[in-house]
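Residue-level structure breakdown
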Amino acid sequence: MTTSTGPVDGGDGGDRYLLPRRATLRTIPRLQAGYQQDAPAAVAAVARLRREAGRDVYGSPTGWGLNHLEALTRLREEERRKEEERREGMPVPGRIFPSVRRADEREAESEERAVHLAVTLWALHQQSLRDEPMHVPGWPLGRSVRRLAQGKSGTRDHAEPADAEKNLGDGNRDEAEPVEEVSPTIRKRFVRIGTSTDVESLGIRLREMVLLLRASRIPLDYGLLADQLHRWQNENRRDDVRRTWGREFHFAYGRAATTSEEGDGVVLPDENPPDYTVADAGD
């Protein structure tokens, strides 16, 4: 597996599949910083995003003009220009068949739903929290839910030195508690997320979980979540996303995990593409 904290440029169409993650990470870091500083424009934008939670993307006129949808549109245009440059001098393709056009439209809708759901979930998660960011790279869904199920809050434990040393002995600082002893109620909620069969039910169950995470001040990696939500909508990749969520829940975080040079958190040992830093957030 290759890990990185910088931008990805696959040059083979891979960038297009990462559009939801990239659009999310052009939006949230900037708004999050402004919201924590109580900047009026950021506070107003986050309030608008919260009101759009649970609504279909573009389905409500009040959602038109939101930052995350603009970011996605700009990224698509950048990808279109790069593709045109790549094809310069190549034979002009013939007529575009309706089936190809419909496939492109379905992909665009999938991207929009993924970004919209991820960003509005973050807006709910960040509500009224000025002292801590709720989008934190290295905190995938399974890890955050596991910590919630353990009855913990925040991202750091404040154990006595002797207890802390004991928990670090096997490299499982955050998840030393046996999985059998975590909250069965939270685990059942997590299972319900995994068994969702449509975007509507998935969104409802994720919102319920996010509100619980907010109460305990446990963050999420929303760039990663946007990517997973995009993949989840493809029935051929849905099981892969479910397996990743389960793996995240059981993965042992702590000294045994890999941490990026930028201090962005844990990088999971799976096939997820690398994350981006605030430097990639754009204007």
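Only a predicted model underlies this, so the values are computations on that prediction, with no experimental measurement involved.

The rules behind each value
In this numbering scheme, every chain counts its residues from 1 along its sequence in written order. Per-residue local features are limited, in this predicted model, to residues with pLDDT of at least 70; the limit for side-chain atom pairs, both in listing and counting, is 80 or more; totals at the level of whole chains, interfaces and linings are taken over all residues. Side-chain descriptors were evaluated using all non-hydrogen atoms of the structure, hydrogens and water having been removed beforehand. Secondary structure is summarised from DSSP: a helix means a run of H or I of at least four residues, a strand means a run of E of at least two, and numbering begins at the N terminus for each. Type-normalised accessible area, obtained with a 1.4 Å probe on protein chains alone, sets the label of each residue: buried when under 20%, exposed when over 50%, and partly exposed for intermediate values. We call two residues contacting when some pair of their heavy atoms lies within 4.5 Å. Per-residue and other accessible areas were derived by the Shrake-Rupley procedure at a 1.4 Å probe size, with only the shown protein chains allowed to occlude residues. The pairing test for Phe, Tyr and Trp rings, Trp by its six-membered ring, is centres within 6.5 Å, and the orientation test on the planes gives stacked under 30 degrees, edge-to-face over 60, and tilted for anything in between. Think of it as a cone above the ring: NZ of Lys or CZ of Arg counts as a charge over the ring if it is within 6 Å of the ring centre and within 35 degrees of the ring normal. In this scheme, a helix's expected span is set at 1.5 Å multiplied by one less than its residue total. Orientation is described by axes fitted as lines to C-alpha atoms, over the contacting stretch for helices, and by angles from 0 to 180 degrees between their N-to-C directions. Oblique is the label for every angle not falling under 35 degrees (roughly parallel), over 145 degrees (roughly antiparallel), or within 65 to 115 degrees (roughly perpendicular). Each crossing gets its hand from how the near helix is turned against the far one by less than a right angle, where anticlockwise is left-handed and clockwise is right-handed. Residue polarity follows a fixed list, in which Ala, Val, Leu, Ile, Met, Phe, Trp, Tyr, Cys and Pro are nonpolar, Asp, Glu, Lys and Arg are charged, and the others, Gly among them, are polar. Put simply, buried Ala, Val, Leu, Ile, Met, Phe, Trp, Tyr and Cys residues joined by side-chain atoms within 4.5 Å make one nonpolar core. Values of pLDDT, which run from 0 to 100, indicate the predictor's confidence residue by residue. For salt bridges, the criterion is a side-chain nitrogen of Lys or Arg within 4 Å of an Asp or Glu carboxyl oxygen.

A few points about the overall build of the chain
From N to C terminus, the chain includes 11 helices and 2 strands. Burial statistics for the chain: of 283 residues in total, 45% are counted as buried. Expressed as a percentage of contacts within the chain between residues at least 6 apart in sequence, the contacts between residues at least 24 apart total 77%. By element, 49% of the accessible surface of the chain is carried by carbon and sulfur atoms, the whole surface being about 14900 Å².

A short note on the environment of Ala215
Within the fold, Ala215 resides in helix H9 (residues 199-215). Given a relative accessible area of 67%, Ala215 falls into the exposed group. Expressed as a C-alpha distance, the spacing of Ala215 and His125, which sit 90 residues apart in the sequence, is 8.8 Å.

Describing the packing of aromatic side chains
The description of an aromatic ring pair rests on the distance of the ring centres and on the angle between the ring planes. With the rule as written, the count across this model stands at 1 aromatic pair. In this structure, Arg143 packs its charged tip against the face of Trp139, placed 3.7 Å from the ring centre. The ring centre of Phe249 lies 5.5 Å from the NZ or CZ of Arg146, which sits over that ring.

Observations concerning helix H2 (residues 19-36)
Across its 18 residues, H2 extends 26 Å between first and last C-alpha, which sits within 8% of the 26 Å expected from 1.5 Å per residue. Of all 18 residues making up H2, 14 are buried, and the element is well covered by its neighbours. Phi for Asp38, located one or two positions after H2, is positive at around 60°.

A word on the packing of helix H6 (residues 141-149) against H9
Two elements in contact, H6 and H9, have axes separated by 10 Å at closest approach and are oriented at 55°. Between H6 and H9, the interaxial angle falls into the category oblique. H6 and H9 meet at a crossing whose hand is left-handed. The segment H6 lies against H9, with Leu141, Ser144, Val145 and Leu148 engaging Leu206, Met209, Leu212 and Leu213. When grouped by side-chain class, the residues that make up the contact of H6 with H9 number 7 nonpolar, 1 polar and no charged.

Some remarks on the nonpolar core
By size, the foremost hydrophobic cluster in this structure holds 46 residues, and its most contacted members are Trp122, Leu141, Leu206, Tyr222, Leu229 and Trp245. Counting residues per element, this core draws most heavily on helix H5 (residues 98-126), at 9 residues. Setting aside its immediate chain neighbours within four residues, Leu229 contacts Ala114, Leu117, Ala118, Leu202 and Leu206.

Structural notes on the environment of Pro184
With respect to the secondary-structure elements, Pro184 resides in helix H8 (residues 184-194). Take Pro184: its relative accessible area is 53%, and that puts it in the exposed class. Sequence separation of Pro184 and Gln150 is 34 residues, and the distance between their C-alpha atoms is 9.9 Å.

A closer look at the confidence of the model for the chain
Looking at the chain as a whole, its pLDDT mean stands at 77, while 69% of the residues score no less than 70. In the model, residues 164-172 has pLDDT below 50 throughout and makes 13 contacts with residues more than four positions away in sequence or in other chains. In the predicted structure, residues 255-283 sits below a pLDDT of 50 and forms 78 contacts with residues beyond four places in sequence or in another chain.

As for the packing of H2 against helix H4 (residues 67-87)
For the pair H2 and H4, interaxial distance at closest approach is 9 Å and the crossing angle is 135°. With respect to H4, the element H2 is oriented oblique. Regarding H2 and H4, the two cross each other, and that crossing is right-handed. Packed against H2, whose contacting residues are Leu19, Arg22, Ala23, Arg26, Thr27, Arg30 and Leu31, the element H4 presents Asn67, His68, Ala71, Leu72, Leu75, Arg76, Glu78 and Glu79 at the interface. Across the contact of H2 with H4, the residue classes break down as 6 nonpolar, 3 polar and 6 charged.

Quick word on the pattern of salt bridges
As enumerated under the stated definition, the model contains 18 salt bridges in all. Three or more residues are tied together by salt bridges with common partners; here these are Arg21, Asp227 and Arg231.

Focus: H6
Of all 9 residues in H6, 9 are buried; the element is thus mostly enclosed. Every buried residue belonging to H6 is among Leu141, Gly142, Arg143, Ser144, Val145, Arg146, Arg147, Leu148 and Ala149, and all of these are buried. Positive backbone phi, approximately 75°, marks Gly151, located one or two places after H6.

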